[in-house]
Amino acid sequence: MTSSSDRSLAVDVQGPKSYEIRTYGCQMNVHDSERLAGLLEEAGYVRAPEGSDGDADVVVFNTCAVRENADNRLYGNLGHLAPKKAGRPGMQIAVGGCLAQKDRDTIVKRAPWVDVVFGTHNIGKLPVLLERARVQQEAQVEIAESLEAFPSTLPTRRESAYAAWVSISVGCNNTCTFCIVPALRGKEKDRRPGDILAEVEALVAEGVSEITLLGQNVNAYGSDIGDREAFSKLLRTCGTIDGLERVRFTSPHPRDFTDDVIAAMAETPNVMPQLHMPLQSGSDAVLKAMRRSYRQERYLGIIEKVRAAIPHAAITTDIIVGFPGETEEDFEQTLHVVREARFAQAFTFQYSKRPGTPAAEMDDQIPKEVVQARYERLVALQEEISWEENKKQLGRTLELMVAEGEGRKDGATHRLSGRAPDNRLVHFAKPDQDVRPGDVATVEVTYAAPHHLLAEGPVLDVRRTRAGDAWEKRNTAEPAKPAGVMLGLPKVGAPAPLPVAASSGCGCD
């Protein structure tokens, strides 16, 4: 386990070094990158300006191994940086994440200008490895085979002042044939409930008003600690935290989606009426080949129960098109589920081989042109349903948490953007009074598009919040003085106290 002293000693340098992190893949990687940023800033690095495009002293790639072309993308980007590094003495490049866990020594063989390769289980070692590479003038490859410290015990630079990820588990016990993640992130490890709640309470004390509970299979939480109802209990306890206005979670697995979770969602006011539950396929035959331990009837039964308990819930999903052996009849079953479930949105993917997965070696790989045609049919159907479901929102009065960076055209259109309780994106007319990200605006929906809503009339109400105060404080505060570059050696004197969220242990034993 990386101790706090391993991350502490600072030395004088010629000004702070800058860092840039490039993140690929899922929410777990996004949250891991927040931790990498926290580690680097604790080490004395400063974040490079937006759009630096490799013009930083340290560039970190936090990689994903889910897509077939993930390695091509990585090596292309590394090749782009090679001449920049050659012309910038002291520049370092680090590669972490799932692809690093999988490829290990291959990375420095193919890209010998890389300084550090680290895995999914030892992200806390990054500053030490960078310093070791600098001193020894050779690449450092360190891939831990099991979790060294639960990642939430590490320093974190949160991207948002008003909304935050909170990991409740890492790893996955499933064996889906298309997915390599369990092999790279390991078996599920659950945090202790007290550690999770301590982190949530600490975040709320800092001004955060929305948290998203995060896990590779979030509603399997409890299997590692021997409590089948641990996840529903966690949701209900989040409902008792004063100042926590919105609770979300992602991503659940239909196999573990139990009635007590539905009841907790319906009966806990700050648990939002939103559910993202991957379908992957509507065909029982394909689901079996995928090793997904549910069938169409079970999936639609969950949707029916959620809708009965939470009528206004927005349900979203993931769907893979063109899995090996998928017939036209199998694909029609997927379309059937889409029509029955009436998802608010669906994240649709064309199947691509993941090296190292059983599906990559299966017979009956579907021709690209067939997959493309099916994909286009699915997208067209879902677009139609999304638009119809969004039109049902016309005339509704919604409380929006004002968001930062969600509306790409907000500047040109003089609008602001926010998320409704069900997570729908709503653009609204900018009011006369000051509105900050994290504040809550009440609006009436006047227009619906497939992927967003508009509230073109005047804002009905603006509620200034502690979350908005936190955003304002962050954006007007003086930058903290860098601590220096870490050597991974103990520092003199008493150790600094652990953060409140981490004070009761790592939660993985």
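All values derive from a computational prediction rather than experimental measurement.

A. Representation of the overall build of the chain in the model. Along the chain, the regular secondary structure elements total 15 helices and 23 strands. For the chain, contacts bridging at least 24 residues in sequence account for 76% of all contacts bridging at least 6. For the chain, the computed accessible surface area is about 22,300 Å², with 51% contributed by carbon and sulfur atoms.

B. Geometry of empty space enclosed by the protein. Per the stated rule, a full pass over the model turns up two cavities of 30 Å³ or more. What the second largest cavity holds in volume is close to 30 Å³. Forming the boundary of the second largest cavity are V247, R248, F249, V271, M272 and Q274. The element best represented in the lining of the second largest cavity is strand β12 (residues 246-250), accounting for three residues.

C. Quick look at the packing of helix α8 (residues 230-238) against helix α9 (residues 259-267). Interhelical geometry of α8 versus α9 gives an angle of 5° and a closest axis separation of 8 Å. Put simply, α8 runs roughly parallel to α9. On the side of α8, the interface is formed by F231, S232, L235 and R236, while α9 contributes D260, V261, A263, A264, M265 and E267. Considered class by class, the residues forming the contact of α8 with α9 number six nonpolar, one polar and three charged.

D. Looking closely at the nonpolar core. By size, the foremost hydrophobic cluster in this structure holds 55 residues, and its most contacted members are L213, L235 and F257. Those residues in contact with L213 that sit more than four places away from it in its chain are V166, I168, V218, F231, L234, L235, V247, R248, F249 and T250.

E. View of the packing of aromatic side chains. Tallied over the full model, the rule gives four aromatic pairs. Ring geometry for Y299 versus F343: centroids 6.4 Å apart, planes at 65°, classification edge-to-face. Taken together, the residues Y299 in helix α11 (residues 296-309) and F343 in the loop between α12 (328-341) and β15 (345-350) connect sequence positions 44 residues apart. What makes F343 buried here is its relative accessible area of 0%. Connected via pairs of aromatic rings, a cluster forms that spans Y294, Y299 and F343. Positioned above the aromatic ring of Y75 is the side chain of R110, whose terminal nitrogen or guanidinium carbon lies 3.8 Å from the ring centre. A cation over a ring is seen here: K391 above W387, with NZ or CZ 4.4 Å from the ring centre.

F. Examining the confidence of the model for the chain more closely. Averaged over the chain, the pLDDT score is 86; the fraction of residues at 70 or greater is 88%. Ignoring residues within four places in sequence, the model shows residues 1-13, a span with pLDDT below 50, making 34 contacts including any to other chains. Within the model, the stretch residues 478-509 combines pLDDT values under 50 with 63 contacts to residues more than four positions away or in other chains.

G. View of the pattern of salt bridges. With the rule as written, the count across this model stands at 32 salt bridges. Salt-bridge contacts for R22 lead to E20; the nearest nitrogen and oxygen are separated by 2.9 Å. Like R22, the residue E20 is buried in the burial classification. Linking E131 and R134 is a salt bridge whose minimum nitrogen-to-oxygen distance equals 2.4 Å.

Parameters at a glance
Residues numbered from 1 in each chain as written. Predicted model: local features only at pLDDT ≥ 70, side-chain atom pairs only at ≥ 80, totals over all residues. Heavy atoms only, no water. Helix = DSSP H or I, 4+ residues; strand = E, 2+ residues; numbered from the N terminus. Contact = heavy atoms within 4.5 Å. Areas by Shrake-Rupley, 256 points an atom, 1.4 Å probe, with all protein chains shown as cover. 1 Å grid on protein atoms, 1.4 Å probe; cavity = no way out; pocket = protein on both sides within 12 Å on 5 of 7 lines; lining within 4 Å. Points joined across faces, edges and corners; volume = space filled by probe spheres on them. Axes fitted to C-alpha atoms, helices over the stretch in contact; angles between N-to-C directions. Parallel < 35°, antiparallel > 145°, perpendicular 65-115°, else oblique. Nonpolar A, V, L, I, M, F, W, Y, C, P; charged D, E, K, R; others polar. Core = buried A, V, L, I, M, F, W, Y, C linked by side-chain atoms within 4.5 Å. Buried < 20%, exposed > 50% of the residue type's maximum accessible area, 1.4 Å probe, protein only. Phe/Tyr/Trp six-rings, centres within 6.5 Å; stacked < 30°, edge-to-face > 60°. Lys NZ or Arg CZ within 6 Å of the ring centre and 35° of its normal. pLDDT = per-residue confidence, 0-100. Salt bridge = Lys/Arg side-chain N within 4 Å of Asp/Glu carboxyl O.

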